[in-house]
Amino acid sequence: MRSVVLYAAAAALLAAKGQKLQLVVTARESEARVRVEVGSLKFSTQLTLSAGETRWVLLPGGAELTQPFHLPNSAVHISSTADISVVAFNHRAYTGDGAVVTPTDHLGVSYVVFTPSQGPLHKLLAIVNGNSHNRVTATTPFLKAAGKWRYGKSVSVDLRPYETYLVRSRQTLTGTQVTSRHPVAVFAGHQCVSLGGKCDHLYKQMPPLSQLGTEYMVPTTLSCRAKSWAVIVTAEDNTEGNKRFMVIFLSTNRPHDPIMVPLLPSDKLSTSWSLETVEGMSTTVVIFAEQEGSGSVRVCKGSSCSSIPRWNPFRADGKWVWVNVAAGKGKKHLTVEGDSGMVVYVYGGKHRHGYATAGVCSEPRPPVTPPPDPCEGVSCREKEGTCTYVMATVTKPEKGLTPFTITTKNDHRGNRRVSYVRTVTVTIDNLSVVISRHRGQVQSGQKAVLTTDFGLTVSYDWNSRLYIRVPSSYYRHLGGLCGNYNGDRKDDLPTPGGEETKKYYKCCF
């Protein structure tokens, strides 16, 4: 989801006629001008997306990887002037799959590979290089003999910019370790996986070792006919303790075709996700959420949202809950949002078809570090709960000083560990102005700002940040949770008896 990025040739692992290779591009927080290029085909197209807009882009059939080993300038290069997300789908008659495509700033230099072993045809491994010359080394633990690829032997190849290296093998490539001097994208799959029924093409982008975890939550499908596996793949032996590993979810997905998806570690949580679904396939959204705050979770298509009627407990400790949400058929861009930390997946299928992908974390990236806060000397305490708090008030009236009081009322929006500012009330003499984030109130722009003729400024970002600025004439005349404005933080929160304290109050936790 970063701007000006290179994405790998995600849609091109299966060499077959009649393919439909598509990219689903979504602009995140602002308008994005996007360019899609495949140098080897002299293919280039441009599109302009408004904030939140999704567009499907059809790639030329020649973008598929058809020949093993070196494929010069064959990467699909996608650049953008603003943050975007990309999901790739590869479909033809009676088969197909999809994958979330990782931006270059999340790629790595070390990978471990998984390829399903069941079914005819080839297991596949594609290594896609970026915009610099690179040396890539791969070591496979199981491959008996395939040219220079042999059991336990390391193979090093030099890749030019945007070059792809494709390996096709009748034997499993699971456990193959890939390392490189510069970040690369690694895709792995199978031309036709058979799990006791018809076979289906599966492929996914492998996460780098740096993105693996030590704990995962494994989904279940809606169909009682489906049989599923959690395949654990490690990069080294004896993975005890806190060593990272990869988990692949593999399912027959009956009555549809098989599906495969690398699972997200349970520490890769977000409160906002986006999903892409496929036309004509029955779709299910899988959500794992922290129980605290799960009541706020909504599944949305545009402005139309629905809540989760019933969650299922995931563990005996009550920390996690999960649910499968039927999302119908049709090509949709869905979002899953709430105050709870979540991991999200989507899968679907129809006769002789199936697909599955992880969700795309759609929270905006952290803002650039702001300049020094002019109010740093008046630092408000972290506060939780849903009470009314006096943030600042004039405690020592003096001629020439206009008295004022600023209070906030908070809510926890389903998660009692984190509270948010709901309303801000500014009272001057007997006049009160209420700034509220509730629906029905005026809310415009990124923040509300109230200024007065005596120098008081109150700024509220409609969510959780409140800034109060006062002129120096109020020095040593204030009280409240923002302190007494005397330059000494140690006595900002005294007890009613005037003693210093580190713990100020107990209220509505």
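Residues numbered from 1 in each chain as written. Predicted model: local features only at pLDDT ≥ 70, side-chain atom pairs only at ≥ 80, totals over all residues. Heavy atoms only, no water.

When its secondary structure is counted, the protein chain shows zero helices and 37 strands. A separation threshold of at least 6 residues defines the contact pool for the protein chain, and within that pool the share at least 24 residues apart is 70%. Total accessible area computed for the protein chain in this model is approximately 24,500 Å², and 50% of it derives from carbon and sulfur atoms. (Helix = DSSP H or I, 4+ residues; strand = E, 2+ residues; numbered from the N terminus. Contact = heavy atoms within 4.5 Å. Areas by Shrake-Rupley, 256 points an atom, 1.4 Å probe, with all protein chains shown as cover.)

Let us look at the sheet that holds strand S35 (residues 457–460). Read from one edge to the other, the open sheet built from three strands follows the order S34-S35-S36, with strand pairing classed as antiparallel. In this open sheet, the two strands that pair with only one neighbour each are strand S34 (448–451) and strand S36 (466–469). Going across the sheet, the axis of each strand differs from the next one's by a mean of 10°, ignoring polarity. (Pairing = 2+ DSSP bridges. Axes fitted to C-alpha atoms, helices over the stretch in contact; angles between N-to-C directions.)

Moving on, we get to the pattern of salt bridges. Under the defined criterion, the tally for this structure stands at five salt bridges. Where Asp158 meets Arg135, a salt bridge forms, and the shortest distance between an N and an O atom there is 2.8 Å. Here Arg135 lies in strand S11 (residues 134–139) and Asp158 lies in strand S14 (residues 154–159), a separation of 23 residues in the sequence. Assessed through its relative accessible area of 46%, Asp158 is described here as partly exposed. Exposure remark for Arg135: the relative accessible area of 32% places this residue in the partly exposed category. Residues Arg160 and Glu163 are paired through a salt bridge, measuring 3.6 Å at the closest nitrogen-oxygen approach. For Arg160, a relative accessible area of 46% translates into the label partly exposed. (Salt bridge = Lys/Arg side-chain N within 4 Å of Asp/Glu carboxyl O. Buried < 20%, exposed > 50% of the residue type's maximum accessible area, 1.4 Å probe, protein only.)

This next bit is on the packing of aromatic side chains. All told, the structure shown has eight aromatic pairs when counted by the stated rule. Where Tyr475 meets Tyr485, the ring centres are 5.8 Å apart and the plane angle is 85°; that geometry is what we call edge-to-face. Here Tyr475, found in the loop between S36 and strand S37 (478–479), pairs with Tyr485, found in the segment after S37; they are 10 residues apart in sequence, far enough to count as distant. Overall, Tyr475 belongs to the partly exposed group, its relative accessible area being 36%. Given the relative accessible area of 22%, Tyr485 is considered partly exposed. One aromatic cluster in this structure is built from Trp56, Phe89 and Tyr355. The ring of Trp56 carries Lys331 above its face, with NZ or CZ at 4.7 Å from the centroid. (Phe/Tyr/Trp six-rings, centres within 6.5 Å; stacked < 30°, edge-to-face > 60°. Lys NZ or Arg CZ within 6 Å of the ring centre and 35° of its normal.)

This brings us to the state of the cysteines. Under the counting rule described, the total for this entry stands at one disulfide. Covalently, Cys300 is tied to Cys305 through a disulfide, its sulfur atoms 2.0 Å apart. As the torsion about the S-S bond is roughly 110°, the Cys300-Cys305 disulfide counts as right-handed. When its relative accessible area of 44% is taken as the criterion, Cys305 is described as partly exposed. (Disulfide = S-S within 2.5 Å.)

Turning to the confidence of the model for the protein chain, a few remarks are in order. Per-chain confidence: the protein chain averages 80 in pLDDT, with 79% of residues scoring 70 or above. For the stretch residues 1–17, pLDDT sits under 50, and the model shows 94 contacts to residues farther than four places along the chain or on other chains. Long-range and interchain partners of residues 501–509, a stretch whose pLDDT sits below 50, account for 19 contacts in this model, where long-range means more than four residues apart. (pLDDT = per-residue confidence, 0-100.)

A few words on the nonpolar core. Val285, Ile287 and Val336 are the most contacted members of the largest nonpolar core, which has 80 residues in total. For this core, the element with the highest residue contribution is strand S27 (residues 333–350), accounting for eight residues. Val336 has contacts with Thr271, Ser272, Trp273, Leu275, Val285, Ile287, Val297, Arg298, Val299, Met342 and Val344, leaving out every residue within four places of it along the chain. (Core = buried A, V, L, I, M, F, W, Y, C linked by side-chain atoms within 4.5 Å.)

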